[in-house]
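Chain residues, written in single-letter form:
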Amino acid sequence: MNQEETMLLHKERYKKTIKNLTVMSDIFARNVFKDKKACEYVLRIIMEDKDLTVINNETQVDFRNMHGRGVVLDCVAKDGSGRIFNVEIQQDDEGAHPKRARYNLGMMDSNVLDTGKNFDKLPETYVIFVTLKDALGHGLPIAHIDRIIRENGKEFGDEEHFIYVDSSKDDGGELGRLMHDFRVKEAKEMQAGALKDRVHELKETEKGVEHMCKEMEALRLEGVEEGRMEEKKAVAYSLADRKMSAEEIAEIIKVNIETVKGWLAGSVSAAR
């Protein structure tokens, strides 16, 4: 089978997969949220703010700290009042752990404040987890978490907020209908709105399906490349055990010297 035939075979498989994807599927969600109107539609309902206007939105945002540790966020959006929103679709409880929410927010803070700006210029920030089931275990369709002063119950005023939305629960209102739309496979099953329009575009138009096929192929190739890099990392560890320098290892395995140094530094930290 030649390369063209292989690609066509992959494409037919992708088309079948696309039909079964929902907004709760990571690869589909990131492409849904690339559309500003769909992103705004979802945020307006979760935030209960009909006037919320998204002025900027990005998906798969890679934030890193000074140590090189990073996180890739599903969607980061900014509204007209300067508020920053991180929307995460989480299929498992581990991905929605409270400390994951804390980490996401910390990474956002460290990347959105320009050098030289005072801390009081930090924007109001929201981390929103839409989960497959009740990740917090409190039986709530939506949970708002803010810091308060224990002694008097007043808000701390740091303008950091966490919101957990359980997609499996229906509160009988607009949020419940939105979560229903997150779970269904076909646009015709969804209520009218920008989210339905975006799902229809990605699943039922030639342009949208072609886009999704390209996204899935890129993800497949990324996985292949990650597999190769894991093999090279294992070789790097083995060569380091033989007392080879990072420079020598980088030359042998044909990987950037900084990447090799990062691998070896991580190996030393783990050993400690």
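Cut-offs applied
Residues numbered from 1 in each chain as written. Predicted model: local features only at pLDDT ≥ 70, side-chain atom pairs only at ≥ 80, totals over all residues. Heavy atoms only, no water. Core = buried A, V, L, I, M, F, W, Y, C linked by side-chain atoms within 4.5 Å. Buried < 20%, exposed > 50% of the residue type's maximum accessible area, 1.4 Å probe, protein only. Helix = DSSP H or I, 4+ residues; strand = E, 2+ residues; numbered from the N terminus. Contact = heavy atoms within 4.5 Å. Pairing = 2+ DSSP bridges. Axes fitted to C-alpha atoms, helices over the stretch in contact; angles between N-to-C directions.

Overview of the nonpolar core
Counting residues in hydrophobic clusters, the biggest one holds 45 residues, and the most contacted among them are I128, L178 and F182. Tallying contributions element by element places helix α3 (residues 36-47) first for this core, with eight residues. Aside from chain neighbours lying at most four places away, what touches F182 is T22, V23, M24, F33, V42, I89, V130 and L195. Within the second largest apolar cluster, 16 residues are counted, among which are A96, A101, V127 and F162.

What about the sheet that holds strand β4 (residues 125-131)?
Read across the sheet, six strands follow the order β1-β2-β3-β4-β6-β5 without closing on themselves; strand pairing throughout is mixed. A strand with exactly one partner marks an edge of an open sheet, and here the two such strands are β1 (54-64) and β5 (142-146). The sheet shows a mean angle of 20 degrees between the axes of neighbouring strands, taken without regard to direction. In the packing of helix α4 (residues 98-112) onto the sheet, the strands contacted are β1, β2 (70-79), β3 (84-90), β4 and β6 (160-166), and the crossing angle to β4 comes to about 145 degrees.

Quick word on the pairing of β2
Burial analysis of β2 places seven of its 10 residues in the buried class, the great majority of the element. In the sheet, β1 pairs with β2 via nine bridges, with the strands oriented antiparallel. Its bridge partner lying in β2, T59 is registered against C75. Sheet topology places β2 next to β3; four bridges connect them, and they run antiparallel. In the sheet register, V76 faces β3, and the bridge partner there is N86. Hairpin geometry of β2 and β3 is characterised by an intervening segment of four residues between the two adjacent antiparallel strands and by a positive phi of about 95 degrees at G82.

So, unusual backbone geometry
Of note, E48 is a non-glycine position whose phi angle comes to about 55 degrees, a positive value. Non-glycine residue E159 carries a positive phi angle of around 60 degrees. Here E159 lies in the loop between β5 and β6.

With respect to the environment of F129
Within the secondary structure layout, F129 lies in strand β4. Judged by its relative accessible area of 0%, F129 falls in the buried class. It is 4.9 Å that separates the C-alpha atoms of F129 and Y164, two residues lying 35 residues apart in sequence. Not counting chain neighbours up to four residues away, the residues in contact with F129 comprise E88, Q90, G95, A96, H97, R100, A101, N104, I163, Y164 and V165.

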